[in-house]
Amino acid sequence: MANPSLLILPGDGIGPEVMAEVERVIAWFGDKRDLSFDVETDLVGGAAYDAHGTPLHDDTMAKAHAADAVLLGAVGGPAYDDLDFSVKPERGLLRLRKEMDLFSNLRPAQCFDALADFSSLKRDIVSGLDIMIVRELTSGSYFGEPRGIFEEDGQRVGINTQRYTEAEIDRVARSAFELAMRRNKRVCSMEKANVMESGILWREVVTKVHAEYPEVGLSHMYADNGAMQLVRAPKQFDVILTDNLFGDILSDCAAMLTGSLGMLPSASLGAIGENGRPKALYEPVHGSAPDITGQSKANPIACILSFAMALRYSFDQGAEAARLEAAVEKVLADGARTGDLMGPDGGTPISTIQMGDVILAALD
Ligand code: NAI
Ligand code: MG
């Protein structure tokens, strides 16, 4: 059988630095676990603009469609700040998300015990935390029409529209229930059905889809209460399902309960393709970090954990994903820290490459 294929897009800034460590991890799985990937590497963002005058070449887009999964580093940076909006690095990433129709954004908030004291919350509230936010990514307030700034009665009005079709809610709800079946079989859906019609429809459709997943427990919560509950007692949640706008805010909030931006992976999934796998893009939550680029200071863990998500959600290798996550857990427990993980009392940070070294050693 042919190896599964991976398209790697390191991008800009620290993107290539953290991706280099992921490539070593990928090679390890090929050597030691007989789990090989056909890896192809290409350009995205500013790097693609420099080479081709566009942040995502059509050939790269075609490769992304054809690949079993795409792994992306980060895009953007000060060198590209003055570019025209149409060719900004971010447009490359947006084009990937849009053309692959990646409607389901998975953002885990997981607390590694060794970092529990980094949280802004008390240790016992976050230790052992392991929740997953499923955010609808391709519709809602960020896309709904009408939108714009208009003139009305002699003053300007800014308009955005929260709009969801039944089909859009149905597919993202399905992805949350499928995920819950592989986890702890609990979903909490968050909207504002008390004040928004789109929320009423959301609750109705989610309830209807739930009938097909009788093993999963479903609860509903107003999103504002959800925000409060996330900081009060986050461990009450397992899978949280929510829309694009609320999900943007709630996922940042939940993720930060657990520590550094350098630790946070994500997955964006679309419809199941001909290969039987969802269209998928995996990327760290952080950006290109121009302030530390080229200094081997970046934490590669967010990108490495994004590959772990790829193992689990694209390649059905949950046990291998757990192996990789356990290696990360072990090096943190042993005290390995990049600069972003330094506590108030300091210590000596290790480099990006050294973090890669200790993770590979832990895998061995
Ligand atoms: P950023 O995430 O790049 O950096 C924020 C802060 O976190 C910086 O101090 C940075 O050094 C630190 N940081 C981020 N990742 C880290 C890591 N792996 N290890 C250690 N420290 C890390 O966000 P910022 O500064 O707002 O944006 C910088 C550039 O990145 C901009 O051009 C922005 O547009 C772009 N960006 C790209 C994203 C993407 O590719 N998905 C997401 C966010 C921003
Ligand atoms: Mg955000």
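Here the residue numbering is sequential within each chain, running from 1 through the sequence in written order. Following the order in which they are written, the chains are lettered starting with A and the ligands numbered starting with 1. Note on the predicted model: pLDDT of at least 70 is required for a residue's local features to be given, and 80 or more for side-chain atom pairs to be given and counted; whole-chain, interface and lining totals, by contrast, use all residues.

The protein has the name 3-isopropylmalate dehydrogenase in an unreviewed UniProt entry, where Nereida ignava is given as its organism. Of the comments in the UniProt record for the protein, the one headed Function (unreviewed entry) reads "Catalyzes the oxidation of 3-carboxy-2-hydroxy-4-methylpentanoate (3-isopropylmalate) to 3-carboxy-4-methyl-2-oxopentanoate. The product decarboxylates to 4-methyl-2 oxopentanoate." UniProt positions are given in the numbering used here, feature names are shortened, and annotations may be inferred rather than shown by experiment.

Asker: So what about the overall build of the protein? Which residues, and what values?
Answerer: Helix numbering and strand numbering both begin at the N terminus, where a helix is a DSSP run of H or I of at least 4 residues and a strand a DSSP run of E of at least 2. Helix and strand content of the protein: twelve helices and twelve strands. As defined in this context, the radius of gyration uses C-alpha atoms, and a globule is described by 2.2 Å times the residue total to the power 0.38. At 20 Å, the protein has a C-alpha radius of gyration in line with the 21 Å of a compact globule built from 364 residues. Projecting the C-alpha coordinates of the protein onto the three principal axes gives extents of approximately 60 × 50 × 50 Å. Backbone-placed C-beta atoms define the burial measure: a residue is buried with 20 or more other C-beta atoms within 10 Å of its own, exposed with 12 or fewer, and partly exposed in between. Considering the protein as a whole, with its 364 residues, one finds that 46% of them fall into the buried category. We call two residues in contact if the C-beta atoms placed from their backbones are at most 7 Å apart. Across the protein, the fraction of contacts at a sequence separation of at least 24, relative to all contacts at a separation of at least 6, is 74%.

Asker: Could you give me a rundown of the domain arrangement of the protein, with the residues and numbers involved?
Answerer: Boundary definitions for the domains trace back to an automatic or database domain assignment. Each assigned domain of the protein is listed here: domain 1 (1-115 + 261-364) and domain 2 (138-256). Between the C-alpha centres of domain 1 and domain 2 the distance comes to 26 Å. If you look at the interface, domain 1 gives ten residues, while domain 2 gives eight residues. Looking at the side of domain 1 that touches domain 2 element by element, the count peaks at four residues for strand 4 (residues 104-110).

Asker: Mind laying out the sheet that holds strand 4, listing which residues take part and the relevant values?
Answerer: The strand order across the open sheet built from ten strands is 2-1-3-12-11-4-5-10-8-9, with neighbouring strands paired in mixed fashion. Taken across any chain shown, the strands that pair with only one partner, and hence form the sheet edges, are strand 2 (38-41) and strand 9 (217-222). The mean inter-strand angle of the sheet, taken between neighbouring strand axes irrespective of direction, is 20°. Strand pairing requires that DSSP identify at least two bridges connecting the strands. The sheet contact formed by strand 11 (residues 265-272) and strand 12 (residues 278-284) spans six bridges and is antiparallel. The residue bridging Ile272 from the neighbouring strand is Pro278, located in strand 12. Between the N-to-C directions of two axes lies an angle of 0 to 180 degrees, each axis being a line fitted to C-alpha atoms and, for a helix, fitted only over the stretch in contact. Contacts from helix 6 (residues 166-182) reach strand 4, strand 5 (130-136), strand 8 (186-191), strand 10 (239-242) and strand 11 within the one sheet, and its direction differs from that of strand 5 by about 165°. Packing of helix 7 (residues 197-210) onto the sheet brings it into contact with strand 8, strand 9 and strand 10, and relative to strand 8 it is tilted by some 165°.

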